[in-house]
Amino acid sequence: MKVPFCRVDCSSNEVKYVQEVLASGWLTTAGKTFEFEKRFGTAVGGKHAIAVNSCTAALHLALEAVGIGPGDEVLVPTLTFTATAEVVRYVGADPIFVDMEYGSGLITAPSIQDALESHPKVKAVMVVHFAGQAANMPAILDVCRPRGVRVVEDAAHAFPTRCAGRMIGSWGDITCFSFYANKTITTGEGGMLVTDDESLAKRARVMRLHGIDRDIWNRFTASRPSWEYDVVAPGFKYNLSDLAAAVGLAQLERAYEFRDQRQAVAKRYLSALAGLPGVDLPMVHSVPEDHAWHFFWIVLQPEARLNRDAFIEGLMAREIGFSVHYKPLHHMTYYKERYHLRPEDFPNAERHWRGCVSLPLYPGMTEAELDYVIHEVRSLLSPS
Ligand SMILES: Cc1ncc(COP(=O)(O)O)c(C=O)c1O
């Protein structure tokens, strides 16, 4: 049997909605995008939802909108994808890397508080909702708000995710979602910036499209002449096309169905892999319904039967897909050299990284596929 790491399900209204866009003769940002924005905003409880062509674009727009610029400092967890940190460099600011909680992969309020005390210049925190579990937003906002520190949430993994009864998307200053191909819902490439703050939304909307003071769509439909527009800033080309939004609308209709299926797979892994010697499973703080389970990882401790590399070879030989989330940013040449980062300053991320492997998890994963992965993982890691 061959089990991929992930498999995208576009078997519903995706084709129908894309055909509608093709038939309309207008392929870029227009009605489907606005509908997607409206529905996504409602789904996450945010007032303004702004569709963009990646989560990276959303994160960049977020930092620009909250006013982060050259010389500023921004807290970034070391255990994340490089996009979370690179956008800090896009605006000329510097990331200050912080360790994560071992077990959950999450940045915590106490670690943010410590970092703010040692770096009083920090103006914003990037909160990553690792693997689809929410960081403790009430506690994080309690630390950040009194100090005027902006909170930008990297929710690339976290739709639909809840925290203390409220959706991720309704907490920090700005929340950024990803619809990249392997995410919990996809548009191929795409993202969404969500905020309750009118002025941040206005700025992000303008900067999403070249700093033009009106959307292209408006240019061709509104009463103001289409040739007339102003440029108020050197903006970016980050808008989402209606073709992508059409796929997103169809995916959004099935978000909870997909989430339930992901949760069922994660639940099986949690029970079937419990107790393997030297194998740590993800720590779940939330109730199961609140976790989006973008991915499921195990961490092989030094006492495990195989080390990470040998285990990966075993998976490959058995044609089982896998991934590694993540090689921490303090190991990446650019960040390591520029900021003189040392592994010993990030003990939890080190412990995680040396042994982490993510297993196949996707909606529509069959019982046979799941049984096969569990059986093979158990046989690789059980004492002989
Ligand atoms: C934590 C995190 N942030 C940001 C991104 C970037 O998302 P996108 O590919 O939509 O730009 C990713 C993508 O995998 C991610 O995992």
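Scroll up to find the structure.
Everything numeric here is computed off the predicted structure, so don't read it as measured data. Within every chain, residues take consecutive numbers counted from 1 along the sequence as written. Two thresholds apply to this predicted model, a pLDDT of at least 70 for residue-level local features and 80 or more for giving and counting side-chain atom pairs, whereas whole-chain, interface and lining totals are computed over all residues. As a convention, hydrogens and water are excluded, and side-chain values are obtained from all of the structure's heavy atoms.

A look at the sheet that holds strand β10 (residues 279–280)
Then step 1. If you trace the 3 strands from one edge of the open sheet to the other, you get β10-β11-β12, paired in antiparallel fashion. Across the chains shown, the open sheet's two edge strands, defined by having one partner strand only, are β10 and β12 (356–359).
Then step 2. Any two strands between which DSSP finds at least two bridges are classified as paired. Numbering of helices and strands starts at the N terminus; helices are DSSP runs of H or I of at least 4 residues and strands are runs of E of at least 2. Where β10 and strand β11 (residues 296–300) come together, 2 bridges link them in antiparallel fashion. The residue of β11 that forms the bridge with Val279 is Leu300.

Focus: the site of the ligand
Then step 1. Taken together, 15 residues lie near the ligand, and Thr56, Asp154, His157, Ser178 and Lys183 sit nearest.
Then step 2. Side-chain atoms alone can form a polar contact between residues adjacent in sequence; in general such a contact is a pair of N or O atoms within 3.5 Å, and within protein one must be able to donate a hydrogen while the other accepts it. With respect to the ligand, the side chain of Asp154 contributes an N or O atom lying 2.6 Å from a nitrogen atom.
Then step 3. Here Tyr326 contributes a side-chain N or O atom positioned 2.9 Å from an oxygen atom of the ligand.
Then step 4. Each accessible area value is a Shrake-Rupley result obtained with a 1.4 Å probe; residue values ignore everything except the protein chains displayed when judging cover. When the free accessible area of the ligand is taken as 390 Å², the share hidden by the protein chains comes to 92%. Near is defined per residue: the residue qualifies when any heavy atom it owns lies within 4 Å of the molecule or strand.

Quick word on the pairing of strand β8 (residues 174–178)
Then step 1. Here β8 lies mainly inside the structure; 5 of its 5 residues are buried.
Then step 2. Think of it in three bands: with a 1.4 Å probe and only protein chains considered, a residue is buried below 20% of the maximum accessible area for its type, exposed above 50%, and partly exposed in between. Burial of β8 is two-sided: the residues Ile174, Cys176 and Ser178 facing one way and the residues Thr175 and Phe177 facing the other way are all buried.
Then step 3. Of the strand pairs in this sheet, strand β5 (residues 150–155) and β8 are connected by 4 bridges, and their pairing is parallel. Pairing of Glu153 across the sheet is with Thr175, part of β8.
Then step 4. Pairing between β8 and strand β9 (residues 191–195): 4 bridges, direction antiparallel. The residue bridging Ser178 from the neighbouring strand is Gly191, located in β9.

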